[in-house]
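# Fold and geometry: a report
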Amino acid sequence: MHIETTSTGSEQASLWGRARQAFVHVPETFALVRRASPVAALTLAVCAVAMALLPLAVAYGGKRVVDAVVAGDQAATLEWVLIELGVVVLALLFTRLHMLTQANLGARLAVDINVAILERAQTLELRHFEDPEFYDRLTRARREASSRPVAMVVGVFQLAQGVVSVLGAVGVLLAFSGVAVLGLAAAAVPAALAELRYSAAAFRLRNWRSPDTRRLYYLEHVLTNDGHAKEVMTLGLGPLLLGRYRGLAEGFYAEDRALSVRRAGFGALWSVIATLAFYGVYAFVALEAVAGRISLGTMTMYVLAFRHGQQAFQSVLSALGGMFEHNLYLSNLFEFLRREPLPAAATVTHPDRGPSLESGSESESERGVRFDRVSFKYPGRDAWALKDVDLMVPAGRSLALVGHNGAGKTTLIKLLMGLYTPTSGRVLLDGRPLSDWPAEALRARIAVVFQDFNRYQLPARENIGFGSVDALDDDARIARALERGGATADLEKLKDGLDTQLGRWFKDGVELSGGQWQKVALSRA
């Protein structure tokens, strides 16, 4: 993918718009920070102000030292050196406190936000997890969740710190020359505009390739996961899959490298221009000192103030660029947390389906499962998975569903479980539509073992007890489930019994045969 970065007049105008957009998600981000650690937010604010003002105090201390040296005043020289030392130590302490607070806040936010993403995932339906576009949104939300929010907060404080520093430097330099102040701004603006452009380009690049990013992660999973290892080795798929992985990874590298080279090239150019501006002012101030119009100490203060002001002004514009970039990535996170990824599936009823059953009615004739002219299409597909299914399974009866692959057997069970809502028609349990049943009550009435059942890399107790999590510690109930699932003899052979770690992912894990895993799944159900 080629990211175009040629500047036009309209693009330059849009860059200023991007600067305004940098603040869009600041309120939401600070709300996260306040919930995570109000003390950390306050500490960062105090550090930002201190780190903005202390360098100017160092510059003033340098001026007094130089003037005392020129005047030959040993006592004043020693006094101001000690004062400057104290200010420098204080600045170092605030810097360290800032770094510590930022690291701790980042770790705290990473936990809180990842938990929020996982909590949001628990509210979704099965159709969301079977939708590729949803997975792209989930990938984008998780990708930067642990770093971008704290980076946004730090960017806000960096911006505030830079503004305070610039105002202080401008206040010092205006007493010397307004031209120096203009030079301060002119040297920093172009670099910041270029940074805004490349931040947007990097975001477009990463969002565009979200599907390929998921494909890369999948290939990595297949090549390193024990569930795939036997077949990959037996079929000799390693070189093929590794080649595909390498191709995607090399493509990502080439795109990232091309963008970073252009970004670094323009950054170097504008850095040279900023350096030339600094030394131009430096020469001017030095000549003023040579001419005797300012003292040597004042020259030192002006040079330090200009250097600090220039760095602060660049910091302000850099913070805006960083905040704009963080805002772009945070838009993925906040969009995922607050929006429904897919529209709710509507149930369309048949106009001629006859008299309806009253909700809550549980006469003997109605006890059981009924599919009332049920039709279903998977989201994004035109073909019907099921069409006009009429079926009644009375309570106490057994039924076998037989059909070719793709005939809709699993789809029928997903509809019965309430994992999907019929496109038309309705499913009833004991005369009541599934929508009238609380989800917990419905799941308690139905046990399912899917073809692709889970093999939890957890202790045997949990592999069984997950069928009813409130009974995880009820050994008698678990033993009864094992007996009904036919797994009692297999579990009795395990060294630690129910506490045996199953699977090979973790230490001391015991791998079961395919048939034994099936019995565990049956016992869980």
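Residues numbered from 1 in each chain as written. Predicted model: local features only at pLDDT ≥ 70, side-chain atom pairs only at ≥ 80, totals over all residues. Heavy atoms only, no water.

Here we take up the overall build of the chain. Helix and strand content of the chain: 18 helices and four strands. Buried positions account for 41% of the 525 residues belonging to the chain. Partitioning the contacts of the chain with sequence separation of at least 6, the portion at a separation of at least 24 is 76%. Per element, the accessible surface of the chain, about 28,700 Å² overall, is 59% carbon and sulfur. (Helix = DSSP H or I, 4+ residues; strand = E, 2+ residues; numbered from the N terminus. Buried < 20%, exposed > 50% of the residue type's maximum accessible area, 1.4 Å probe, protein only. Contact = heavy atoms within 4.5 Å. Areas by Shrake-Rupley, 256 points an atom, 1.4 Å probe, with all protein chains shown as cover.)

This part is about the sheet that holds strand E2 (residues 386–394). Ordered in space as E2-E1-E3-E4, the four strands form an open sheet in which the pairing is antiparallel. Since the sheet does not close on itself, it has two edges, and those belong to E2 and strand E4 (432–433), each with one partner. Where helix H13 (residues 409–416) meets the sheet, it contacts strand E1 (368–376), E2 and strand E3 (424–429), and its direction lies at approximately 115 degrees from that of E1. (Pairing = 2+ DSSP bridges. Axes fitted to C-alpha atoms, helices over the stretch in contact; angles between N-to-C directions.)

With that settled, the discussion passes to helix H11 (residues 238–290). Here H11 contains 53 residues, and its C-alpha end-to-end distance of 74 Å stays within 8% of the 78 Å for a straight helix at 1.5 Å per residue. In the segment just after H11, Gly292 is the residue with positive phi, at about 85 degrees. (Expected span 1.5 Å × (residues − 1).)

Two aromatic rings are characterised by how far apart their centres lie and by the angle between their planes. Counting across every chain of the model gives five aromatic pairs. Ring geometry for Tyr60 versus Trp80: centroids 5.8 Å apart, planes at 80 degrees, classification edge-to-face. With Tyr60 in helix H3 (residues 38–71) and Trp80 in helix H4 (residues 74–122), the pair connects residues that are 20 residues apart, well separated along the chain. Its relative accessible area of 35% is what places Tyr60 among the partly exposed residues. Pairing Tyr378 with Tyr420 gives two aromatic rings, centres 5.4 Å apart and planes at 85 degrees, and the pair type is edge-to-face. Of this pair, Tyr378 sits in the loop between E1 and E2 while Tyr420 sits in the loop between H13 and E3, and the two are 42 residues apart along the sequence. Here Tyr378 and Tyr420 have matching classes, each one buried. (Phe/Tyr/Trp six-rings, centres within 6.5 Å; stacked < 30°, edge-to-face > 60°.)

Turning to the confidence of the model for the chain, a few remarks are in order. For the chain, mean pLDDT is 75; residues scoring 70 or higher make up 79% of the total. Per-element averaging of pLDDT across the chain places helix H1 (residues 9–21) at the bottom with 49 and E1 at the top with 87. With pLDDT under 50 throughout, residues 1–13 is counted as low confidence; its partners more than four residues away or in other chains account for 19 contacts. Low pLDDT, under 50, characterises residues 341–362; the stretch is placed with 46 contacts to residues that sit more than four places away or in other chains. (pLDDT = per-residue confidence, 0-100.)

Now for unusual backbone geometry. A positive phi angle is found at Arg373, which is not glycine, with a value near 50 degrees. In this structure, Arg373 sits in strand E1. Since its relative accessible area comes to 26%, Arg373 is described here as partly exposed.

Let us now look at the nonpolar core. By size, the foremost hydrophobic cluster in this structure holds 36 residues, and its most contacted members are Leu105 and Leu109. Elements that contribute at least two residues to this core include exactly helix H2 (26–36), H3, H4, helix H6 (132–143), helix H7 (148–174) and helix H12 (296–338). Considering every element that reaches this core, the biggest residue donor is H12, with 10 residues. Among residues more than four places away in sequence, those in contact with Leu109 are Leu32, Val33, Ala36, Pro149 and Val150. (Core = buried A, V, L, I, M, F, W, Y, C linked by side-chain atoms within 4.5 Å.)

Running from amino to carboxyl end, H3 crosses H4 at an angle of 160 degrees, the nearest separation of the two axes being 8 Å. Taken together, the axes of H3 and H4 lie roughly antiparallel to each other. Read as a crossing pair, H3 and H4 show a hand that is left-handed. Grouping the constituent residues of the contact of H3 with H4 by class yields 23 nonpolar, eight polar and two charged. (Parallel < 35°, antiparallel > 145°, perpendicular 65-115°, else oblique. Left-handed = near helix turned anticlockwise from the far one by under 90°. Nonpolar A, V, L, I, M, F, W, Y, C, P; charged D, E, K, R; others polar.)

Our focus in this paragraph is the side chain of Thr77. Mapped onto the elements of the fold, Thr77 is located in helix H4. Every residue in contact with Thr77, bar those within four places of it in the chain, is listed here: Val65, Ala68 and Val69.

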